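# Fold and geometry: a report
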Amino acid sequence: MSKPLLEARSLSHIYQLRRGLLGKTIPLRALNEVSLNIGDGEILGVVGESGCGKSTLAKILLGLEKPTEGEVLLNGRPLSDYPRHERAMAVQPVFQDPYGSLNPSMSVEDLIALPLHIHKIGTRPERRQKAAKMADQVGLPRRTLSANPSQLSGGQRQRVAIARALVAGPKLVICDEPTSALDVSVQAQILNLLLDLRAEHDVAMLFISHDLSVIQHMADRMMVMYLGRVVEEGGTQSIFANPDHPYTLVLRNAMFTPSDESGVPDLGLRGNFPNPMDIPSGCVFHPRCPMARPECARTSPALERRGNDDRRSACLFPLTAPENVPA
Amino acid sequence: MLLQVRDLKVTLQDQGQRLRAVRGVDLDLAAGETLCVVGESGCGKSMTALALMQLLPRGAELSSSKLQFDGIELSKLSRHKLSALRGRRISMIFQEPMTALNPVFTIGDQLRAVYRRHTGVSSAEAQARAIEVLESVGLTNAELRMKQFPHQLSGGLRQRVLIAMALMCEPEMIICDEPTTALDATTQAQILRILKEAQSARKMGMLFITHDLGVVARIADRVAVMYAGRIVEHGSRAAVLRSPAHPYTKGLIASVPRPQDGGTGSKRLASIPGNVPAFHHEDPRCPFLSRCPKRMSICTREAPPVRQTEAGQQVACHLPLDAQEALTA
Ligand SMILES: Nc1ncnc2c1ncn2[C@@H]1O[C@H](COP(=O)(O)OP(=O)(O)O)[C@@H](O)[C@H]1O
Ligand SMILES: Nc1ncnc2c1ncn2[C@@H]1O[C@H](COP(=O)(O)OP(=O)(O)O)[C@@H](O)[C@H]1O
Ligand code: SF4
Ligand SMILES: [Mg+2]
Ligand SMILES: [Mg+2]
């Protein structure tokens, strides 16, 4: 296999929360030994409930947060060795909230051209021309170039964020819930746009969403996260057809689509919402897992390869193991 | 009919302009039935719900030819009679539970107060009832939870408390405004199950507002599709979802990512270009006019008639898509 564009090796991240007047700190383990690869032009999806560490992973891959442990390699070279500008040329973010991440006092044109300006690419007229071309590509009307973000709709603001992310020709875009604040008809426009841009520029994406149907639509490969860990990963189609981890199955059962009128399922989830300041022993999912057996509270399952595809899952009693498949 | 609404209109003051948020809505809800009102943000769903509860923001104008709950005309009720009805015979659950819970009182204080205000029972009886209802909505350690403050609970638990509060007096009708929109999918499924179980146990009428067609497919008996202050299509769940007749409904359904697409990311989603318009003036024409792919010249001139389709739904369109065409979505 050729060298991956991006490689993350065993990333762990601990936030220290300050509690009380004496400044005592409590560790919050947001990420635990997460490894991943992204190839050129590939879309890797990341799904999991809120608080499972998705945004922390995004920030680390963008170099905005230094992992407590582990390292990130971009083109085989540690991300931490990259000068800030060079890193920003190669990896760009698109965040959920286009309202918060766009400077309200700048025009759309300046917002899109800013990365070029910062990297001293081209002359001013060349940068303006590039910004206008990028606006065309993301479907922003030319007249919006002189507007500022407050005059745009939510979907248009997300187009500005995408244009800004792509203008300097990055190899990788980290999309953290890019459509979660949008209406479904606008979400469809943005998802189409991202797929078109991928085809055109061969840009790779880490695509984070809490919405499994979006991940399923977008991702070539996907990772399912729970309490800071990857519990299952592999080809998107294969995971959907046959989830291996009980949590993946729960997520799939909780995914509602307009064509499924089968009523509200009982997910079989037990217990309460997980707490990253109090991580369970054994399998992190065992207090809620519908399939848990006594052993699950004692033994922590490793993320292991199953069968002969590239699927890996972390469960002591995986659903696709022959002995667990109902006859 | 538990609820009958005819020609409901809500006009808001928006920076000195009159904003027509709800423009002539008709709704019916029977006991034990779930009616979903579905539409994208800003189309007037919340204003419709607030109008039913007579809880519109200051400066809002409301008019209707009929706004009846169990034969009682709500718009003519005194303040006193209204507040006796709200929370007792009609309850409401909002998207953000924090706005409905008072942060400085415990969960127990608030549950007991609601019950005692409407029933006049003793505090001990109210306590027993609160624990019973909290347990019925799947809250463990109910007694401990009663002593906690709203901010000490997760979003999913707060929403359960709000449901418990809404169910305290066994209402005949419950209005839910996007109660699961801010929650994770797994928590959403759990909350929806609790609501549906409470509903069927008490034969409650449920008016459920959402933007999520996946949720509609799982819980609705009937569906009203709202766009720019109007109901553009209305019918049984099966009719509306399987053979949508209005171009907006069809566009909305087609823009949802579907499992059949496969994980290749190769298939483009249908999308609806443009944005929902705001109406500052009366306009009887089709509200979807500016974005409709099927627009004809008559659409720009005349109000669309309401027709009945073969599948049985009602649709306001000059050229409703027939079932055949809808299937090729
Ligand atoms: N800056 C921070 N300081 C302390 N805790 C944080 C910080 N950012 C995130 N967390 C915590 O880390 C965990 C993972 O958060 P996050 O990565 O944002 O999850 P997700 O994006 O999946 O919702 C959560 O419990 C969150 O509360
Ligand atoms: N308090 C308010 N004052 C003025 N306009 C409002 C107010 N609340 C909502 N609106 C406007 O009324 C319209 C309908 O809003 P709403 O009923 O909240 O929509 P939905 O619940 O379908 O998202 C929107 O255009 C919205 O911007
Ligand atoms: S290891 Fe046990 S508790 Fe964990 S997911 Fe597998 S069956 Fe469930
Ligand atoms: Mg996040
Ligand atoms: Mg609303």
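Scroll up to find the structure this text is about.
Model, not experiment: these values are computed from the prediction.

## With respect to the site of ligand 1
Residue and element names in this part refer to chain A. Around ligand 1 lies a shell of 13 residues, among which G51, G53, K54, S55 and T56 are the nearest. Between ligand 1 and G53 there is a distance of 3.1 Å, counted from an oxygen atom to a backbone nitrogen or oxygen. T56 is positioned with one of its side-chain polar atoms (N or O) 2.6 Å from an oxygen atom of ligand 1. Burial of ligand 1 by the protein chains amounts to 67% of its free accessible area of 560 Å². Taken together, the elements giving at least two residues each to the shell around ligand 1 come down to β1 (6-19), β2 (24-38) and α1 (54-61). No other element matches α1, which puts three residues into the shell around ligand 1. In the shell around ligand 1, the residues fall into six nonpolar, five polar and two charged.

## A look at the pattern of salt bridges
Within this structure, the stated rule accounts for 29 salt bridges over all chains. Ionic pairing is found between D196 of chain A and R268 of chain B, a salt bridge with its closest N-O pair at 2.6 Å. Of this pair, D196 of chain A sits in helix α7 (residues 184-201) while R268 of chain B sits in the loop between α11 (247-254) and β12 (306-308), which puts the two residues in different chains. D196 of chain A gets classed as partly exposed once you look at its relative accessible area, which sits at 32%. Note on R268 of chain B: relative accessible area 48%, which makes it partly exposed. Several salt bridges converge on common partners, so that one network encompasses R129, E132, E170 and R202 of chain B.

## A short note on the site of ligand 2
Residues and elements named next belong to chain B. By nearness alone, 13 residues border ligand 2, and G42, G44, K45, S46 and M47 come closest of all. The separation between an oxygen atom of ligand 2 and a polar main-chain atom of G44 is 3.1 Å. Residue M47 places a main-chain N or O atom 2.9 Å away from an oxygen atom belonging to ligand 2. Protein burial of ligand 2: of its 560 Å² of free accessible surface, 66% is covered by the chains.

## Some details on the sheet that holds strand β10 (residues 222-227) of chain B
All names here are of chain B. On the basis of which strands lie adjacent, the open sheet formed by eight strands has the order β7-β8-β9-β3-β10-β11-β13-β12 and mixed pairing. Two strands in the sheet have a free side with no partner beyond their single neighbour: β7 (90-93) and β12. Averaged over all pairs of adjacent strands, the angle between strand axes in this sheet comes to 20 degrees, irrespective of strand direction. Contacting β3 (34-38), β7, β8 (173-177) and β9 (205-210), helix α8 (residues 185-202) crosses the sheet at an angle of about 155 degrees to β9. With respect to the sheet, α11 is in contact with β10 and β11 (230-236), its orientation differing from that of β10 by roughly 100 degrees.

## Looking at unusual backbone geometry
Residue and element names in this part refer to chain B. The backbone of Q15 sits at a positive phi, close to 45 degrees, despite the residue not being glycine. As for its placement among the helices and strands, Q15 is situated in the loop between β1 (3-14) and β2 (17-29). Backbone geometry at E170 places phi at a positive 50 degrees, although glycine is not the residue there.

## Thoughts on the side chain of E233 of chain A
One can find E233 of chain A in strand β10 (residues 229-235). In contact with E233 of chain A, not counting residues within four places along its chain, are S35, M222, M223, I239, L303, D310, R311 and R312 of chain A.

## A closer look at the packing of aromatic side chains
Evaluated as defined, the whole model comprises six aromatic pairs over all chains. Centroid distance Y226 of chain A to F285 of chain A: 4.9 Å. Interplanar angle 75 degrees. Geometry classified as edge-to-face. With Y226 of chain A in strand β9 (residues 221-226) and F285 of chain A in the loop between α10 (246-253) and β11 (304-305), this residue pair connects regions lying 59 residues apart in the sequence. Residues Y227 of chain B and Y248 of chain B carry aromatic rings whose centres are separated by 4.4 Å and whose planes lie at 55 degrees to one another, so their mutual orientation is tilted. Of the two residues, Y227 of chain B sits in strand β10 while Y248 of chain B sits in helix α11, which places them 21 residues apart along the sequence. Considered together, Y227 of chain B and Y248 of chain B belong to a single accessibility category, that of buried residues. A network of ring pairs unites the aromatic residues Y226, Y247 and F285 of chain A as a single cluster. Against the face of Y82 of chain A rests R77 of chain A, its NZ or CZ located 4.1 Å from the ring centre. In this structure, R293 of chain A is placed above the aromatic ring of F317 of chain A, and the distance from its NZ or CZ to the ring centre is 3.8 Å.

## Concerning the sheet that holds strand β3 (residues 43-47) of chain A
Residue and element names in this part refer to chain A. Strand order in the open sheet formed by eight strands is β6-β7-β8-β3-β9-β10-β12-β11, and the pairing between neighbours is mixed. Whereas interior strands pair on both sides, the edge strands pair on one side only; in this sheet they are β6 (91-94) and β11. Relative to β9, β3 runs parallel, the two sharing four bridges. Of the residues in β9, the one forming a bridge with V47 is V224. Taken strand by strand, helix α6 (residues 154-166) contacts β6 and β7 (172-176), and its axis lies near 175 degrees from that of β6. Relative to the sheet, α7 contacts β3 and β8 (204-209), its axis offset from that of β8 by approximately 160 degrees.

About the cut-offs
Residues numbered from 1 in each chain as written. Chains lettered and ligands numbered in written order. Predicted model: local features only at pLDDT ≥ 70, side-chain atom pairs only at ≥ 80, totals over all residues. Heavy atoms only, no water. Near = heavy atom within 4 Å. Polar contact = N/O pair within 3.5 Å; in protein donor to acceptor, adjacent residues only side chain to side chain. Areas by Shrake-Rupley, 256 points an atom, 1.4 Å probe, with all protein chains shown as cover. Helix = DSSP H or I, 4+ residues; strand = E, 2+ residues; numbered from the N terminus. Nonpolar A, V, L, I, M, F, W, Y, C, P; charged D, E, K, R; others polar. Salt bridge = Lys/Arg side-chain N within 4 Å of Asp/Glu carboxyl O. Buried < 20%, exposed > 50% of the residue type's maximum accessible area, 1.4 Å probe, protein only. Pairing = 2+ DSSP bridges. Axes fitted to C-alpha atoms, helices over the stretch in contact; angles between N-to-C directions. Contact = heavy atoms within 4.5 Å. Phe/Tyr/Trp six-rings, centres within 6.5 Å; stacked < 30°, edge-to-face > 60°. Lys NZ or Arg CZ within 6 Å of the ring centre and 35° of its normal.

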